[in-house]
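Coordinates in review
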Amino acid sequence: MEYQKIMESFAGLAEQWKIRMNGCVIMQGEKILAEKYWTPYDAHTLHRLYSSTKSLVAMAVGRLVGEGKVSLDDKIADYFREELGLGKLHPYLEETTIRDMLLMSTCYSKPTYSQDSRDWLASYFSATPDHPSGTVWNYDSCGSYVLGAMVKRASGLPFDEYLRPVFDAIGISKQAYCLEGPDGEKWAGSAMLATTRDLARAAMLMLKKGNWQGKQLLPYDYCRDAISPLTANNDDANDYFRNCGYGYQIWSLPGGAFFFNGMGAQLAIGYPGRNLVVACTADVQGNPMGKELIFQAIEQEILPHFPVIDEAARDEIMKKPVEKNIMAQINGQKYLLHENPMKISEFTIRKEGDAGILSYVRDGAKKELRFGLGMEVSVLFPECYSGERLFSKKHEMQYRCSVKGEWLQENKLLIRVYAEDMFVGNMAMCFAFKENQVGVKMTRSAQFFFDEYQGYAGGQKA
C-alpha cells in the first residue's frame, strides 16, 4: 500500500476545504507509515499542543498509579493542604478526588483563574464551588493545571520531566517540554510543546494500553479506562454526535475511537481495532467547522484503507448501553438545592408509566414538566415567553415542546426540551445523583427564551 499517496489525498481535501494544516502523521502499531508538513513546520518542529497536554498529564497520573504513589480515590486537596495552608474547605471541594479531576467531574462550572490572575494553583482552593464533584460533567482546564501540580508533589518532578523515561522509551523528542503558568507551575492544561510525531506516539501508547515493544510502561487497566467513555459528556444543549463520552482527560468518539483534543485542532485520534493513530497539528482557531472537517477528511481519505482487524479490541472500549438506573431510588424523593442561577430551590422526579414528571419550585412558583422516558412527549412548557410581539407581557404564551428523558449513566438523567412553536430552540437539564447529593446542569440554545435555565446547582435529599 502506498501510504504517502493516502496522506496526499487527505492533504488535498484539507487544502480544498481551506483547513490550515501544520502537520499530519499516520501511525500503525509502533511504525510511522506516512507524514506531511506544511511550511514552516517540519518533522522536528516543536508545536504547541494546547489541551492535548491534558492527555499527557493523564499519562503521568497513570504512571503514579502504577508505582503506587497515588490512588484515584485520593482527595486532591490533601496534596496541597500543608503547602498552601488550607483550612476547612467547602465540602464539595474537600471531597473532590483525583478521579473526579481526571473525568472533568469537578465541583466548578467556571474557571478559577484568568489571564489577570497570578496564583493559578492557589485559586483552585479559594474559589466557591457550585455543585458536588463526581456528578455532572464540565470541561475544567483549571483542574488539569492542578493535576499537573499534583504530579510534581507526588513524584518530586514536574509532570513532563516525570514522564521522560516513558517518553524516551517510545521515542518522544528530548526537546519536548511544557511552558509554565504565572506561579511557576507547569501549564498542564494547555502548554506542552512537542512534535506531531510525538503526539502520535503518545496516543499510540495509550491505544496499546501502555505497552511498547513488549514492555508495560503504564498500567494496562488504567490506560484501558483512560481511553474509554467512563462518563457522559453529551449532557448539555450542544448535542454534538461526536461527544460520545470522556475518559481520563481523553475524549471518546463514535465507533470506539478516542482522541487527544487541543485547541486549534491539535489532535491525536486512536482507532482501537485498527491499531491506527492519526495525529494532526493545525490552526483552525476562528473556523467553527475546522475540527469537524478534519475528522471528515480522515474518515473519507484515510480510514477506508485501514479496516477493523481486531473487533474485540474495538468493542472493549466502546460505549455500552445503560442497562440499569437509579429511578427506583430517587422516585418521588425531594431534593433541596442551594442558591443557584436558575432560582430553583427544590425538585422531585417521579415515574408514571413510560413517562416521568419533574416537579420543581422556581423563584417561589411551582412548576411541572412531563417527559417521556426513552421517547418524546408533547407538552406545554411551564413558563410563558414572547408571542406575536417580542417582550410583550400582553402577548406571552406557553410554547409547545417535545420532551425526552434518558439515562446517560446509571446515576445521570438528562431531560431534553425542544420548543416547536412560534419560537424554536432547545434546552437540556441534567441531574446527576451521588449518594444523598445531586448535581444539576442546565444549558439552553434559544434566542430570547429559556434564559432562566442556564447554570449549575448542587443539593441533597430533603
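Report follows, based on the coordinates. This structure is a prediction, so every number in the text was calculated from the model and none was measured. (Residues numbered from 1 in each chain as written. Predicted model: local features only at pLDDT ≥ 70, side-chain atom pairs only at ≥ 80, totals over all residues. Heavy atoms only, no water.)

1. Some points on the nonpolar core
- Formed by 77 residues in total, the largest nonpolar core has its most connected members in F80, I98, F125, M150, F159, M206 and F260.
- Residues contacting F80, with those up to four places away along its chain left out, are G85, L86, L121, F125, V146, A149, M150 and R153.
- Grouped together as the second largest cluster of nonpolar side chains are 38 residues, Y360, V377, Y399 and F423 included. (Core = buried A, V, L, I, M, F, W, Y, C linked by side-chain atoms within 4.5 Å. Buried < 20%, exposed > 50% of the residue type's maximum accessible area, 1.4 Å probe, protein only. Contact = heavy atoms within 4.5 Å.)

2. Remarks on helix α7 (residues 141-155)
- Between its terminal C-alpha atoms α7 stretches 21 Å, which fits the 21 Å expected from 15 residues at 1.5 Å a residue.
- Within α7, eleven of the 15 residues are buried, leaving the element largely enclosed by the surrounding structure.
- Within the sequence span of α7, burial applies to C142, G143, S144, Y145, V146, L147, G148, A149, M150, V151 and A154.
- Each element contacted by the buried residues of α7 is listed here: α2 (52-66), α5 (98-102), α6 (120-123) and α8 (159-162).
- Of the residues that open α7, the one with a side-chain oxygen 3.2 Å from the backbone nitrogen of C142 is D140.
- Note on α7: the residue one or two positions beyond its end, G156, has a positive phi of about 90°. (Helix = DSSP H or I, 4+ residues; strand = E, 2+ residues; numbered from the N terminus. Expected span 1.5 Å × (residues − 1). Polar contact = N/O pair within 3.5 Å; in protein donor to acceptor, adjacent residues only side chain to side chain.)

3. So, the packing of aromatic side chains
- Summed over the entire model, instances satisfying the criterion amount to 32 aromatic pairs.
- A centroid spacing of 5.4 Å and a plane angle of 65° characterise the contact between W137 and Y246, whose relative ring orientation is edge-to-face. Taken as a pair, W137 in the loop between α6 and α7 and Y246 in the loop between α11 (220-226) and β8 (251-252) lie far apart in primary sequence, 109 residues in all.
- Overall, the relative accessible area of 0% leaves Y246 in the buried class.
- With a centroid separation of 6.3 Å and an interplanar angle of 85°, the aromatic rings of Y360 and Y453 are classed as edge-to-face. One end of the pair, Y360, is in strand β14 (residues 355-362); the other, Y453, is in the loop between β20 (437-445) and β21 (455-461), and 93 residues separate them in sequence. As far as the burial class goes, Y360 and Y453 line up, both buried.
- Here the aromatic cluster, defined as three or more aromatic residues joined through ring pairs, consists of Y360, F381, Y385, Y399, F423, F449, F450 and Y453.
- K36 extends its terminal NZ or CZ atom over the ring of W38, reaching a point 5.4 Å from the ring centre.
- In this structure, R48 packs its charged tip against the face of W187, placed 4.7 Å from the ring centre. (Phe/Tyr/Trp six-rings, centres within 6.5 Å; stacked < 30°, edge-to-face > 60°. Lys NZ or Arg CZ within 6 Å of the ring centre and 35° of its normal.)

4. Points about the sheet that holds strand β11 (residues 276-282)
- Strand order in this open sheet of six strands is β2-β1-β11-β10-β9-β8, and the pairing throughout is antiparallel. Every other strand in the sheet has two partners, leaving β2 (31-37) and β8 as the edge strands with one partner each.
- As paired strands, strand β10 (residues 266-271) and β11 are joined by five bridges and run antiparallel to one another. If you follow L267 over to β11, its bridge partner there is C280.
- Across the face of the sheet, helix α1 (residues 3-16) comes into contact with β1 (21-28), β2 and β11 while running at roughly 35° to β2.
- Where α2 meets the sheet, it contacts β9 (258-262) and β10, and its direction lies at approximately 125° from that of β9. (Pairing = 2+ DSSP bridges. Axes fitted to C-alpha atoms, helices over the stretch in contact; angles between N-to-C directions.)

5. Concerning the environment of V379
- When you line up the elements, V379 lands in strand β16 (residues 376-385).
- Sequence separation between V379 and R400 is 21 residues, and the spatial gap between their C-alpha atoms is 5.8 Å.
- Aside from chain neighbours lying at most four places away, what touches V379 is L369, R370, Y399, R400, C401 and V403.

6. Looking at the pairing of β10
- The element β10 is largely enclosed, with a buried count of six among its six residues.
- As judged from the five bridges shared by β9 and β10, these two strands associate in the antiparallel manner. What sits directly across from F258, in β10, is G270.
- As consecutive antiparallel partners, β9 and β10 are separated by three residues, and within that stretch G264 has a phi angle of approximately 85°, a positive value.

7. With respect to the sheet that holds strand β5 (residues 192-194)
- Overall, antiparallel pairing links the three strands, which are arranged β3-β5-β4 in an open sheet. The outermost strands of the open sheet, each flanked by one partner alone, are β3 (47-48) and β4 (177-178).
- Across two bridges, the pairing between β3 and β5 is antiparallel. Bridge assignment links H47 to a residue of β5, and that residue is A194.

8. Section: a nonpolar patch on the surface
- Residues L390, F391 and F448 make up a contiguous nonpolar surface patch of roughly 310 Å² in combined accessible area.
- With respect to the element layout, L390 can be found in the loop between β16 and β17 (397-409). (Patch = residues over 30% accessible without salt bridge, like charges linked within 9 Å, V, L, I, M, F, W, Y side chains within 5 Å. Areas by Shrake-Rupley, 256 points an atom, 1.4 Å probe, with all protein chains shown as cover. Salt bridge = Lys/Arg side-chain N within 4 Å of Asp/Glu carboxyl O.)

9. A look at the packing of α2 against helix α10 (residues 196-207)
- Closest axis-to-axis distance for the α2/α10 pair is 11 Å, and the angle between their directions is 45°. For the element pair α2 / α10, the angle class is oblique. The two elements α2 and α10 cross, and the hand of that crossing is left-handed. Of the residues in α10, those touching α2 at S52, L56 and M59 are L199, A202, L205 and M206.
- Across the contact of α2 with α10, the residue classes break down as six nonpolar, one polar and no charged. (Parallel < 35°, antiparallel > 145°, perpendicular 65-115°, else oblique. Left-handed = near helix turned anticlockwise from the far one by under 90°. Nonpolar A, V, L, I, M, F, W, Y, C, P; charged D, E, K, R; others polar.)

10. Comments concerning the pattern of salt bridges
- This model, assessed by the stated rule, comprises 33 salt bridges.
- A cluster of three or more residues bridged by salt bridges with shared partners is formed by R350, E352, E368 and R370.

11. Overview of the environment of E15
- Along the chain, E15 falls in helix α1.
- Those residues within four positions of E15 in sequence are excluded, and the remaining contacts are K36 and W38.

12. Details of α1
- With 14 residues, α1 extends 20 Å from end C-alpha to end C-alpha; this agrees with the ideal 20 Å at 1.5 Å per step.
- Buried residues along α1 sit against β1, β2, β11 and α12 (290-301).
- Directly after α1, the chain includes K18, whose backbone phi takes a positive value near 60°.

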